[in-house]
Amino acid sequence: MLRIYFKNIKSPCFKRKIKKIFSIALEKKFKEERNFEVGIKFIGEEEIKELNQKFRDVPRETDVLSFPIYDFKTEGLPNEEAVMLGDIVICKEIAILQAEKYGHSTKRELCFLALHGFLHLLGFDHIEPLEEEEMKRFSEEILNEVGAKR
């Protein structure tokens, strides 16, 4: 079971789509049924800039940030009844600009950013080229499966 705490996100359609995307990612990653929890919230450009500076020492806005509780690369899957994975924050204003830049819908961009943040919570990264390719392939596969294509 997956429990998502949507903070300030009202759209039932978006919530259903995100739950489906996250559920598919969990199923593909862990291949076992577990109880997971995650928080997701939209924030403004100034707030995401402050968080980016504080936690990554990068003094500019960004589109999405993740705050994982576990390091799945070193710790593996915790043996707990319900695993709180962490939180994701998305800057909706930046998502809108990026959707225009890349020529797809804002809904698709928000789905991509939510999934991108979620994959970071699951231990994916894109620092090394092979990791980046794996994360990109995994993302595109899931987004295509739910109809959030470019």
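Provided above is the structure to which this section pertains.
The structure presented is a predicted model; accordingly, all values stated were derived computationally and were not measured.

Calculation rules
One numbering rule holds for all chains: residues counted from 1, following each sequence as written. Only residues with pLDDT of at least 70 are given local features in this predicted model, and only at 80 or more are side-chain atom pairs given and counted; all residues enter the totals for whole chains, interfaces and linings. The basis for every side-chain value is the complete set of non-hydrogen atoms in the structure, without hydrogens or water. By the criteria applied, helices consist of DSSP H or I runs no shorter than four residues and strands consist of E runs no shorter than two, each listed in order from the N terminus. Relative accessibility under 20% of the residue-type maximum defines a buried residue, over 50% an exposed one, and the middle range a partly exposed one, all with a 1.4 Å probe and only protein chains included. By the criterion applied in these results, polar contacts are pairs of N or O atoms within 3.5 Å in which, for protein atoms, one can donate a hydrogen and the other can accept it, and in which residues neighboring in sequence qualify only through two side-chain atoms. Here a patch means residues that are over 30% exposed by relative accessible area and free of salt bridges, tied together within 9 Å if like-charged and within 5 Å if nonpolar (Val, Leu, Ile, Met, Phe, Trp, Tyr). Computed with a 1.4 Å probe, the accessible areas rest on the Shrake-Rupley method; for each residue, only the protein chains presented here act as cover. The salt bridge definition used is simple: a Lys or Arg side-chain nitrogen within 4 Å of an Asp or Glu carboxyl oxygen. Counting rule applied: Lys, Arg positive; Asp, Glu negative; His and chain ends not counted. Charge placement uses NZ in Lys and CZ in Arg. For Asp and Glu, CG and CD serve respectively. Note on pairing: two strands pair once DSSP finds at least 2 bridges between them.

Caption draft 1: Structural view of the side chain of His-116. Note on placement: His-116 falls in helix H5 (residues 106-121). Among the residues examined, His-116 registers a relative accessible area of 16% and is labelled buried. Among the polar contacts listed, one links the side chain of His-116 to the side chain of His-120, at a separation of 3.1 Å.

Caption draft 2: Up close: a negative patch on the surface. On the surface, a cluster of negative charge is contributed by Glu-45, Glu-46, Glu-47, Glu-50 and Glu-93. Ranked by residues supplied to the negative patch, first place goes to helix H2 (residues 45-56) with four residues. Mapped onto the elements of the fold, Glu-93 is located in helix H4 (residues 92-102).

Caption draft 3: The arrangement of the pairing of strand S2 (residues 35-43) in detail. Two elements, strand S1 (residues 2-7) and S2, share six bridges in a ladder whose sense is parallel. For Ile-4, the partnering residue across the bridge sits in S2 and is Val-38. Relative to strand S4 (residues 82-91), S2 is paired through nine bridges, and the arrangement is parallel. Bridge pairing in S4 links Asn-35 to Ala-82.

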